[in-house]
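Residues per chain, in single letters:
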Amino acid sequence: METDSDVILAHRLVDLADEMALGFFGQDPDSRKKADGSPVSEADLAVEKAMLEVLAAERPGDAVLSEESGAISAAARRWILDPIDGTIPFLAGERDWGTHVALEIDGELRIGVISRPTEGRRWWARHGFGAYVSPSSRPLSTARRLRLPQAALALDRARVGGFLFPGSPVGAVQERMRWTESSVCLVGDLLEGRVDAVIDEGGHVWDRAPVALLVQEAGGRLDDLRGGRRLDGPWLVYAGSGVARELTGLLRGVAG
């Protein structure tokens, strides 16, 4: 079971990552393409190294899954790290990037934190204790609990955004909903009620793990379009309960 000290450590890891990443932001850090074509910068690598050093010192028996280093050992407790989620906007000098941290125990997500340091904002959750939003400077003492609406909502009235690839099949049905453009933190918009659902057409476990826990702890639903909640598949839908069923039903018809 996770402890209060694990929650504090998760926030410390994000504090460290945010501070370091902001030091590189706007400074044109060196970068290269990885094998999959996505970029990695010296900032990603430096932030990840610092986070791994903290975990090695403070939780030496825990496993880690991190974007740049992959799987590090195996254990019932596993930290999942994305040091800079959104490297492309980070390198472009845009604001929609941050750090993702999650703790998984025996395959169950227990802690999740995502940040947007350019906004001084953080969203975090602990299994069974709810989801919260806070300023980065005082994430525990100034937390506001988040609850997604449960009332039924017709899809044509739902505000929906997404992380979609060019040519996505979702384009064929976007007129069925009130599509919204991406923001500084689209998931934050969902958690705080500015959108009703988010469609994710592709991502990795380190992108999705803290988001999945946040949505569940806020009373929402996630669906991989196969009736499950796998984080390593091609699709995920995060939504308030009132719109989830109709939206996932529609997407199953177009996404295959």
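Description of the structure in this document.

1. So, the overall build of the chain
In terms of helices and strands, the chain carries six helices and 15 strands. Expressed along its principal axes, the backbone C-alpha trace of the chain runs to roughly 50 × 40 × 35 Å. Counting over 256 residues, the chain shows a buried share of 52%. The contacts in the chain between residues at least 6 apart in sequence include a share of 57% that link residues at least 24 apart. Entry remark: accessible area of the chain is about 11400 Å², with carbon and sulfur atoms responsible for 51%. A gap of 6 Å separates the mean positions of the 30 positive and 39 negative side-chain charges of the chain.

2. Points about the sheet that holds strand E11 (residues 159-163)
If you walk across this open sheet you meet the five strands as E12-E11-E13-E15-E14, and the pairing is mixed. Whereas interior strands pair on both sides, the edge strands pair on one side only; in this sheet they are strand E12 (178-179) and strand E14 (221-223). Examined bridge by bridge, strand E13 (residues 197-200) and strand E15 (residues 236-239) share four bridges and lie antiparallel to one another. Its bridge partner lying in E15, Asp-200 is registered against Leu-236.

3. A few points about the side chain of Asp-62
Within the secondary structure, Asp-62 is located in the loop between helix H2 (42-58) and strand E3 (63-66). With a relative accessible area of 12%, Asp-62 lands in the buried category. Filtering out sequence-adjacent residues up to four positions away, Asp-62 remains in contact with Ser-73, Ala-75, Arg-77 and Trp-79.

4. Quick notes on the sheet that holds strand E5 (residues 77-85)
Hydrogen bonding along the main chain pairs the strands of a sheet, whether they run parallel or antiparallel. As summarised here, the arrangement of the eight strands in space is E4-E3-E5-E6-E7-E8-E9-E10, forming an open sheet in which the pairing is mixed. Every other strand in the sheet has two partners, leaving strand E4 (70-72) and strand E10 (144-146) as the edge strands with one partner each. The sheet shows a mean angle of 20° between the axes of neighbouring strands, taken without regard to direction. Two strands pair when backbone bridges link them, and E3 and E4 are joined in this way by three bridges, in the antiparallel orientation. Across the sheet, Val-64 pairs through a bridge with Ile-72, a residue of E4. Set on the sheet, helix H5 (residues 205-217) makes contact with E3, E5, strand E6 (98-105), strand E7 (108-116), strand E8 (121-126), strand E9 (130-135) and E10; between it and E7 the angle comes to about 105°.

5. Structural notes on unusual backbone geometry
The phi angle at Asp-106 is positive, at roughly 50°, despite the residue not being glycine. Along the polypeptide, Asp-106 turns up in the loop between E6 and E7.

6. Focus on helix H1 (residues 4-24)
For H1, built from 21 residues, the straight-helix expectation of 30 Å at 1.5 Å per residue is met to within 8% by its first-to-last C-alpha distance of 31 Å. When H1 is considered as a whole, its buried residues turn out to be Asp-6, Val-7, Leu-9, Ala-10, His-11, Leu-13, Val-14, Ala-17, Asp-18 and Ala-21. Taken from the residues just after H1, Gly-26 is the one with a positive phi, measuring 80°.

7. Points about the side chain of Glu-201
Structurally, Glu-201 can be placed in the loop between E13 and H5. One buried charged residue, Glu-201, remains without a salt bridge, the closest side chain of opposite sign being Arg-208 at 9.2 Å. Among the polar contacts listed, one links the side chain of Glu-201 to the backbone nitrogen of Phe-165, at a separation of 2.9 Å. Within the structure, Glu-201 has its side chain in polar contact with the side chain of Ser-168 (distance 2.9 Å). Residues within four places of Glu-201 in sequence aside, it is in contact with Phe-163, Leu-164, Phe-165, Ser-168, Pro-169, Arg-208, Pro-234 and Trp-235.

8. Topic: the environment of Leu-186
Structurally, Leu-186 can be placed in helix H4 (residues 186-191). With 89 residues separating them along the chain, Leu-186 and Trp-97 place their C-alpha atoms 11 Å apart. In this structure Leu-186 touches Gly-161, Gly-162, Phe-163, Thr-180, Glu-181, Val-195 and Val-198, once residues within four positions along its chain are discounted.

9. Brief notes about the pairing of E15
Covered by surrounding structure in E15 are Leu-236 and Tyr-238 together with Val-237 and Ala-239, the residues of both alternating faces. Pairing geometry for E14 and E15, over three bridges, is antiparallel. Each residue of the ladder has a partner; that of Arg-221, found in E15, is Ala-239.

Cut-offs used in this document
- Residues numbered from 1 in each chain as written.
- Predicted model: local features only at pLDDT ≥ 70, side-chain atom pairs only at ≥ 80, totals over all residues.
- Heavy atoms only, no water.
- Helix = DSSP H or I, 4+ residues; strand = E, 2+ residues; numbered from the N terminus.
- Buried < 20%, exposed > 50% of the residue type's maximum accessible area, 1.4 Å probe, protein only.
- Contact = heavy atoms within 4.5 Å.
- Areas by Shrake-Rupley, 256 points an atom, 1.4 Å probe, with all protein chains shown as cover.
- Lys, Arg positive; Asp, Glu negative; His and termini not counted.
- Charge placed at Lys NZ, Arg CZ, Asp CG, Glu CD.
- Pairing = 2+ DSSP bridges.
- Axes fitted to C-alpha atoms, helices over the stretch in contact; angles between N-to-C directions.
- Expected span 1.5 Å × (residues − 1).
- Salt bridge = Lys/Arg side-chain N within 4 Å of Asp/Glu carboxyl O.
- Polar contact = N/O pair within 3.5 Å; in protein donor to acceptor, adjacent residues only side chain to side chain.

None of the figures reported here should be taken as evidence of function without further support.
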